[in-house]
Amino acid sequence: MPAPEVVAALATRFAAAPFPLGVSVARESLVEAARVLRDHHGYRYYLLGTATERADAIEVLHAVRHPATLDTLFLKTALPKDDPTVDSLVLVWSGADWNEREIYDLFGVRFRGHPDLRRILLPDEYEGHPLRKDFPMDAPWGFRP
Amino acid sequence: MDPLKVVEQPPAGSRLEDVAEEVVRFPGGGIALLRTEALFQWAQSSSLWPLTFGLACCAIEMMAAFAGRFDLDRFGVILRPTPRQADVMIIAGTVTIKMAPRIRTLYDQMAHPKWVISMGSCANSGDHYRNVYSVVPGVDHVIPVDVYVAGCPPTPEALMEGIFELQRKIRKGSRAGA
């Protein structure tokens, strides 16, 4: 659980919407909020990054941890489906590198400023992003050696 | 049924007389007359060196089959770490689209004659991962398969039966992918 004063500070400074495990911020202020979290509140450790597809948006979720208190805070950003682009957090937490590549691989979220945004799990020549809801389940597997 | 009973019996057809239709043994020992092809098939089937390809949980059962309790060494089945020395490739596990070109490359690097055992439901058909975005629905899309071993995962006894089945096939004259 994140410390309540951290959530409150983010909510006032970035107009972030709190939820029980963290805050949801607009995508324009994501990097700034991340820097404040790391430098002023001590959340130095990047835990994981993942994404969820909702009816109207793709939510990118970053989890970060305070190494002394072991508080965990989730930083959520909603992206429109027709333009799933967000700033990369690699320059804030370098541990976000492969997590963002995985989100790009499976959800097609483009991370601006990522140093090496390639597929990480699927083959490079793979077409589409299979965890999107519009990915056809009955697609031919498309590989012939 | 005693699970170890099958391993106490030598596989059928391991004697020279079981292989060739006609064997003429000269008295005094040491010399026999038979078709060379039958002799070579008998020799090939009796020293199948597999290139292991453990891809998932089937690999655990394959390792158990090679370990002391079942001990495939005594049938001439000795693990090889390289395709250059291998006669048979055991595909044990789920084949992903990313792994498929590697399987094909290693299969192409094996010297003839060569055979393939597909171990477990995933390698046979994809099983419950059949429609998953990253999975090949059966390794026979990538390389020709000689023996399919059913099971999820197959027991070591089932893999041994698959190897014996391959030996029977070889003694009947099977070549790669035929």
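Everything here concerns the structure above.
Here's a quick rundown of the structure. All of these numbers come straight from a predicted model, not from anything done at the bench.

Conventions used here
- Within any chain, residue numbers begin from 1 and follow the written order of that chain's sequence.
- Numbering of ligands from 1 and lettering of chains from A proceed in the order in which they are written.
- This being a predicted model, a pLDDT of at least 70 is required before a residue's local features are given, and a value of 80 or more before pairs of side-chain atoms are given or counted; all residues contribute to the totals for chains, interfaces and linings.
- Note: side-chain values were computed over all heavy atoms of the structure, leaving out hydrogens and water.
- Counting from the N terminus, the helices are the DSSP runs of H or I reaching at least four residues and the strands are the DSSP runs of E reaching at least two.
- We compute the radius of gyration from the C-alpha atoms alone; for a globule the expected value is 2.2 Å times N to the 0.38, where N is the number of residues.
- Accessible surface area values rest on a Shrake-Rupley calculation with a 1.4 Å probe, where residue burial reflects the displayed protein chains alone.
- When DSSP finds at least two bridges between two strands, those strands are taken to pair.
- Note on geometry: axes are C-alpha line fits, over the in-contact stretch for helices, and angles between N-to-C directions span 0 to 180 degrees.
- Contact criterion: two residues are considered in contact whenever any of their non-hydrogen atoms come within 4.5 Å of each other.
- Any Lys or Arg side-chain nitrogen located within 4 Å of an Asp or Glu carboxyl oxygen qualifies as a salt bridge.
- Here's how the labels work: a residue is buried when its accessible area is under 20% of the maximum for its type, exposed when over 50%, partly exposed in between, all with a 1.4 Å probe on protein chains only.
- Nine residue types can take part in a nonpolar core, namely buried Ala, Val, Leu, Ile, Met, Phe, Trp, Tyr and Cys, and a core is a set of them joined through side-chain atoms within 4.5 Å.

**Description of the overall build of chain A**
Scanning chain A from terminus to terminus reveals 3 helices and 7 strands. If you list the helices and strands of chain A from N to C, you get α-β-β-α-β-β-β-β-α-β. Taken against the 2.2 N^0.38 rule, which gives 15 Å for 145 residues, the C-alpha radius of gyration of chain A at 16 Å falls within 12% of a compact globule. The principal-axis extents of the C-alpha atoms in chain A amount to approximately 55 × 30 × 25 Å. Accessible surface for chain A amounts to roughly 7,700 Å². Of this, 54% is attributable to carbon and sulfur atoms.

**Describing the sheet that holds strand β3 (residues 50–54) of chain B**
Residues and elements named next belong to chain B. Strand order in the open sheet formed by 4 strands is β3-β4-β5-β6, with parallel pairing between adjacent strands. Looking along the sheet, the strands with just one partner apiece sit at the ends: β3 and β6 (147–149). Shown here is a sheet whose adjacent strand axes are inclined to one another by a mean of 15°, direction ignored. Pairing of strand β4 (residues 88–92) with strand β5 (residues 115–119) involves 5 bridges; the strand directions are parallel. Residue pairing in the sheet places I91 in a bridge with S118 of β5. In the packing of helix α4 (residues 58–66) onto the sheet, the strands contacted are β3, β4 and β5, and the crossing angle to β3 comes to about 145°.

**Here we look at the sheet that holds strand β4 (residues 57–65) of chain A**
Strand pairing within a sheet occurs via backbone hydrogen bonds; the two strands may be parallel or antiparallel. All names here are of chain A. Spatial strand order, β1-β2-β5-β4-β3: 5 strands in an open sheet with mixed pairing. Each having just a single partner strand, β1 (17–19) and β3 (45–53) make up the two edges of the open sheet. For this sheet, the mean inter-axis angle between neighbouring strands, taken without regard to orientation, is 25°. With respect to the sheet, helix α1 (residues 4–14) is in contact with β1, β2 (22–25) and β5 (72–80), its orientation differing from that of β5 by roughly 30°. Most of the contacts of helix α2 (residues 30–39) go to β5, to which it runs at about 175°, and overall it touches β2, β4 and β5.

**Looking at the pattern of salt bridges**
Residues and elements named next belong to chain A. By the definition in use, this model includes 16 salt bridges over all chains. Ionic pairing is found between E53 and R132, a salt bridge with its closest N-O pair at 3.8 Å. Of this pair, E53 sits in strand β3 while R132 sits in the segment after β7 (110–112), and the two are 79 residues apart along the sequence. Of the two residues, E53 and R132, both sit in the buried class. Here D105 and R119 are joined by a salt bridge, their closest N and O atoms 2.6 Å apart. Residue D105 is located in helix α3 (residues 96–107), and its partner R119 is located in the segment after β7; the two are separated by 14 residues in the primary sequence. Pair check on accessibility: D105 and R119 agree, each one buried. Through salt bridges that share partners, E53, K81 and R132 make up one connected network.

**A look at the nonpolar core**
Within soluble globular proteins, side chains that are nonpolar tend to cluster in buried spots. Counting residues in each nonpolar core, the largest one holds 54 residues, and the members touching the most others are L37(A), L73(A), V109(A), M89(B), I91(B), I103(B) and I143(B). The element contributing the most residues to this core is α2(A), with 6 residues. Once you skip the residues sitting within four places of it in the chain, I143(B) turns out to touch M89(B), I91(B), I103(B), R104(B), Y107(B) and V116(B). With 23 residues, the next largest nonpolar core counts C58(B), V77(B), L159(B) and I170(B) among its residues.

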